[in-house]
Amino acid sequence: MSQARVLVVFFSRTGTTRALASTLAKMLSADLEEICDCTERRGALGYVRCLIDSWRKRPAEIVAAGLDAGQYDLVVVGTPVWAGAVCAPVRAYLLENRWKFRHVAFFCSLGGLGSQSAFDEMRALAGKAPVAQCKVRAAEVQRGAVAASLVLFVGVLKSHLANYDALAWTC
Ligand SMILES: Cc1cc2nc3c(=O)[nH]c(=O)nc-3n(C[C@H](O)[C@H](O)[C@H](O)COP(=O)(O)O)c2cc1C
(Lines give C-alpha, C1' and ligand atoms only; values in the text may rest on other atoms or scores of the structure.)
Protein backbone atom coordinates (compact mmCIF):
# COMPACT_ATOMS: atom_id res chain seq x y z
CA MET A 1 0.00 0.00 0.00
CA SER A 2 1.39 3.42 -1.02
CA GLN A 3 2.04 6.03 1.69
CA ALA A 4 1.36 8.87 -0.78
CA ARG A 5 -1.79 10.96 -0.26
CA VAL A 6 -4.19 11.00 -3.20
CA LEU A 7 -7.22 13.25 -3.82
CA VAL A 8 -9.87 12.58 -6.48
CA VAL A 9 -11.74 15.79 -7.41
CA PHE A 10 -14.60 15.95 -9.90
CA PHE A 11 -17.66 17.74 -11.20
CA SER A 12 -20.69 15.86 -12.46
CA ARG A 13 -23.94 17.24 -13.88
CA THR A 14 -25.81 13.97 -14.34
CA GLY A 15 -23.86 11.43 -12.27
CA THR A 16 -21.60 9.70 -14.80
CA THR A 17 -18.32 11.35 -13.75
CA ARG A 18 -19.40 10.94 -10.10
CA ALA A 19 -19.68 7.17 -10.56
CA LEU A 20 -16.22 7.05 -12.14
CA ALA A 21 -14.74 9.26 -9.41
CA SER A 22 -16.07 7.10 -6.57
CA THR A 23 -14.77 3.93 -8.22
CA LEU A 24 -11.37 5.57 -8.68
CA ALA A 25 -11.26 6.85 -5.09
CA LYS A 26 -11.94 3.31 -3.82
CA MET A 27 -9.33 1.74 -6.12
CA LEU A 28 -6.70 4.33 -5.09
CA SER A 29 -7.70 4.58 -1.39
CA ALA A 30 -8.03 8.30 -2.08
CA ASP A 31 -10.00 11.14 -0.54
CA LEU A 32 -12.91 12.33 -2.69
CA GLU A 33 -14.17 15.84 -3.33
CA GLU A 34 -17.08 16.96 -5.50
CA ILE A 35 -16.85 20.48 -6.95
CA CYS A 36 -19.99 22.49 -6.07
CA ASP A 37 -21.14 24.76 -8.85
CA CYS A 38 -23.14 27.94 -8.11
CA THR A 39 -24.91 27.90 -11.51
CA GLU A 40 -28.21 26.09 -12.15
CA ARG A 41 -27.38 23.54 -14.88
CA ARG A 42 -30.44 21.28 -14.79
CA GLY A 43 -32.84 21.04 -17.71
CA ALA A 44 -32.66 22.52 -21.20
CA LEU A 45 -31.68 26.00 -20.01
CA GLY A 46 -28.96 24.51 -17.82
CA TYR A 47 -27.65 22.55 -20.80
CA VAL A 48 -27.45 25.75 -22.85
CA ARG A 49 -25.57 27.48 -19.99
CA CYS A 50 -23.02 24.63 -20.06
CA LEU A 51 -22.56 25.04 -23.81
CA ILE A 52 -22.14 28.82 -23.61
CA ASP A 53 -19.60 28.55 -20.78
CA SER A 54 -17.64 26.00 -22.82
CA TRP A 55 -17.66 28.04 -26.00
CA ARG A 56 -16.57 31.15 -24.09
CA LYS A 57 -13.98 29.20 -22.05
CA ARG A 58 -15.59 30.79 -19.00
CA PRO A 59 -14.80 29.37 -15.53
CA ALA A 60 -17.87 28.78 -13.35
CA GLU A 61 -18.41 30.32 -9.96
CA ILE A 62 -17.73 27.44 -7.55
CA VAL A 63 -17.84 26.93 -3.79
CA ALA A 64 -14.34 27.05 -2.25
CA ALA A 65 -12.79 23.58 -2.04
CA GLY A 66 -13.18 21.80 1.29
CA LEU A 67 -9.97 19.78 0.96
CA ASP A 68 -6.60 21.45 0.41
CA ALA A 69 -5.05 20.16 -2.84
CA GLY A 70 -1.66 21.28 -1.52
CA GLN A 71 -1.78 18.52 1.11
CA TYR A 72 -1.80 15.75 -1.50
CA ASP A 73 0.99 14.08 -3.47
CA LEU A 74 -1.35 13.40 -6.40
CA VAL A 75 -4.60 15.16 -7.38
CA VAL A 76 -6.75 13.22 -9.88
CA VAL A 77 -9.22 15.60 -11.58
CA GLY A 78 -12.33 14.42 -13.45
CA THR A 79 -14.64 16.26 -15.82
CA PRO A 80 -17.48 15.54 -18.21
CA VAL A 81 -16.60 16.73 -21.74
CA TRP A 82 -18.71 19.75 -22.74
CA ALA A 83 -18.53 20.77 -26.40
CA GLY A 84 -15.05 19.29 -26.74
CA ALA A 85 -13.85 21.17 -23.66
CA VAL A 86 -13.32 20.77 -19.92
CA CYS A 87 -16.52 21.67 -18.02
CA ALA A 88 -16.73 25.17 -16.52
CA PRO A 89 -16.63 24.11 -12.81
CA VAL A 90 -13.46 22.03 -13.35
CA ARG A 91 -11.98 24.92 -15.36
CA ALA A 92 -12.50 27.12 -12.28
CA TYR A 93 -11.09 24.50 -9.89
CA LEU A 94 -7.92 24.06 -11.93
CA LEU A 95 -7.39 27.82 -12.21
CA GLU A 96 -7.96 28.38 -8.49
CA ASN A 97 -5.71 25.54 -7.33
CA ARG A 98 -2.99 25.39 -9.99
CA TRP A 99 -0.23 26.61 -7.65
CA LYS A 100 -0.97 23.86 -5.13
CA PHE A 101 -0.57 20.80 -7.35
CA ARG A 102 2.47 18.53 -6.94
CA HIS A 103 1.35 15.90 -9.44
CA VAL A 104 -1.90 15.69 -11.40
CA ALA A 105 -3.79 13.09 -13.43
CA PHE A 106 -6.95 13.62 -15.47
CA PHE A 107 -10.01 11.59 -16.36
CA CYS A 108 -13.17 12.41 -18.28
CA SER A 109 -16.52 10.91 -19.15
CA LEU A 110 -18.04 11.64 -22.53
CA GLY A 111 -20.50 10.60 -25.21
CA GLY A 112 -17.72 9.84 -27.67
CA LEU A 113 -15.76 12.82 -29.03
CA GLY A 114 -13.61 15.63 -27.65
CA SER A 115 -11.50 14.07 -24.89
CA GLN A 116 -8.13 15.15 -26.29
CA SER A 117 -9.06 18.83 -26.56
CA ALA A 118 -10.49 18.69 -23.02
CA PHE A 119 -7.27 17.07 -21.70
CA ASP A 120 -5.14 19.67 -23.53
CA GLU A 121 -7.10 22.43 -21.80
CA MET A 122 -6.77 20.75 -18.40
CA ARG A 123 -3.03 20.49 -18.82
CA ALA A 124 -2.76 24.20 -19.71
CA LEU A 125 -5.06 25.22 -16.82
CA ALA A 126 -3.20 23.06 -14.27
CA GLY A 127 0.15 24.29 -15.58
CA LYS A 128 1.42 20.71 -15.39
CA ALA A 129 1.65 17.61 -17.54
CA PRO A 130 -0.49 14.82 -16.09
CA VAL A 131 1.04 11.57 -14.84
CA ALA A 132 -1.71 9.84 -16.88
CA GLN A 133 -5.12 10.56 -18.39
CA CYS A 134 -8.14 8.38 -19.02
CA LYS A 135 -11.38 8.73 -20.95
CA VAL A 136 -14.45 6.58 -20.37
CA ARG A 137 -17.63 6.68 -22.44
CA ALA A 138 -20.85 7.33 -20.56
CA ALA A 139 -22.33 4.16 -22.13
CA GLU A 140 -19.57 2.07 -20.52
CA VAL A 141 -20.22 3.62 -17.10
CA GLN A 142 -23.95 2.97 -17.45
CA ARG A 143 -23.23 -0.70 -18.22
CA GLY A 144 -21.89 -0.91 -14.66
CA ALA A 145 -18.63 -2.82 -15.20
CA VAL A 146 -15.30 -1.10 -14.46
CA ALA A 147 -13.91 0.04 -17.84
CA ALA A 148 -10.63 -1.55 -18.98
CA SER A 149 -9.16 1.92 -19.53
CA LEU A 150 -9.89 2.79 -15.88
CA VAL A 151 -8.11 -0.34 -14.64
CA LEU A 152 -5.09 0.58 -16.79
CA PHE A 153 -5.20 4.18 -15.52
CA VAL A 154 -5.19 3.02 -11.89
CA GLY A 155 -2.25 0.70 -12.65
CA VAL A 156 -0.20 3.60 -14.06
CA LEU A 157 -1.08 5.82 -11.10
CA LYS A 158 -0.21 3.12 -8.56
CA SER A 159 3.16 2.53 -10.16
CA HIS A 160 3.80 6.31 -10.15
CA LEU A 161 2.88 6.40 -6.45
CA ALA A 162 5.19 3.44 -5.71
CA ASN A 163 8.09 5.35 -7.32
CA TYR A 164 7.08 8.41 -5.31
CA ASP A 165 7.29 6.33 -2.10
CA ALA A 166 10.73 5.03 -3.13
CA LEU A 167 11.95 8.59 -3.73
CA ALA A 168 10.56 9.70 -0.36
CA TRP A 169 12.49 6.88 1.34
CA THR A 170 15.79 7.94 -0.24
CA CYS A 171 15.40 11.58 0.87
C1 LIG B 1 -23.35 20.84 -22.57
C2 LIG B 1 -22.86 19.45 -22.89
C3 LIG B 1 -21.97 19.29 -23.94
C4 LIG B 1 -21.48 18.02 -24.24
N5 LIG B 1 -20.55 17.88 -25.23
C6 LIG B 1 -20.01 16.67 -25.47
C7 LIG B 1 -18.96 16.53 -26.44
O8 LIG B 1 -18.47 17.49 -27.05
N9 LIG B 1 -18.49 15.28 -26.68
C10 LIG B 1 -18.98 14.18 -26.04
O11 LIG B 1 -18.50 13.09 -26.32
N12 LIG B 1 -19.95 14.27 -25.10
C13 LIG B 1 -20.47 15.50 -24.80
N14 LIG B 1 -21.44 15.62 -23.83
C15 LIG B 1 -21.87 14.42 -23.11
C16 LIG B 1 -21.20 14.31 -21.72
O17 LIG B 1 -19.80 14.54 -21.78
C18 LIG B 1 -21.41 12.93 -21.13
O19 LIG B 1 -22.77 12.62 -21.12
C20 LIG B 1 -20.84 12.85 -19.72
O21 LIG B 1 -20.64 11.51 -19.39
C22 LIG B 1 -21.74 13.52 -18.70
O23 LIG B 1 -21.11 13.43 -17.45
P24 LIG B 1 -21.88 13.76 -16.08
O25 LIG B 1 -23.01 12.77 -15.99
O26 LIG B 1 -20.87 13.49 -15.02
O27 LIG B 1 -22.34 15.15 -16.12
C28 LIG B 1 -21.92 16.88 -23.50
C29 LIG B 1 -22.83 17.07 -22.45
C30 LIG B 1 -23.27 18.35 -22.13
C31 LIG B 1 -24.21 18.53 -20.96
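Identification of the protein chain as Flavodoxin from Paraburkholderia aromaticivorans is taken from an unreviewed UniProt entry. Checking UniProt for the protein chain, the heading Cofactor (unreviewed entry) contains the comment "FMN".

Grouped together as the largest cluster of nonpolar side chains are 30 residues, with contacts concentrated most on V75, V90, Y93, L94, F101 and M122. Elements supplying a minimum of two residues to this core: β1 (6-10), β3 (74-82), α3 (88-97), β5 (104-110) and α4 (115-126). Within the second largest apolar cluster, 24 residues are counted, among which are A4, L20, A25 and A147.

The next thing to look at is the pattern of salt bridges. By the definition in use, this model includes 10 salt bridges. Residue D37 pairs with R41 through a salt bridge whose shortest N-O separation is 2.4 Å. Here D37 and R41 have matching classes, each one buried. The salt bridge partner of E121 is R91, with a shortest N-O separation of 3.0 Å. You can see E121 sitting in helix α4 and its partner R91 sitting in helix α3, a full 30 residues away along the chain. The same class applies to E121 and to R91, which are both buried. If you follow the salt bridges from partner to partner, you end up with D37, R41, D53 and R58 in one network.

Reading guide: rules and limits
- Residues numbered from 1 in each chain as written.
- Predicted model: local features only at pLDDT ≥ 70, side-chain atom pairs only at ≥ 80, totals over all residues.
- Heavy atoms only, no water.
- UniProt positions renumbered as here; feature names shortened; annotations may be inferred.
- Core = buried A, V, L, I, M, F, W, Y, C linked by side-chain atoms within 4.5 Å.
- Buried < 20%, exposed > 50% of the residue type's maximum accessible area, 1.4 Å probe, protein only.
- Helix = DSSP H or I, 4+ residues; strand = E, 2+ residues; numbered from the N terminus.
- Salt bridge = Lys/Arg side-chain N within 4 Å of Asp/Glu carboxyl O.

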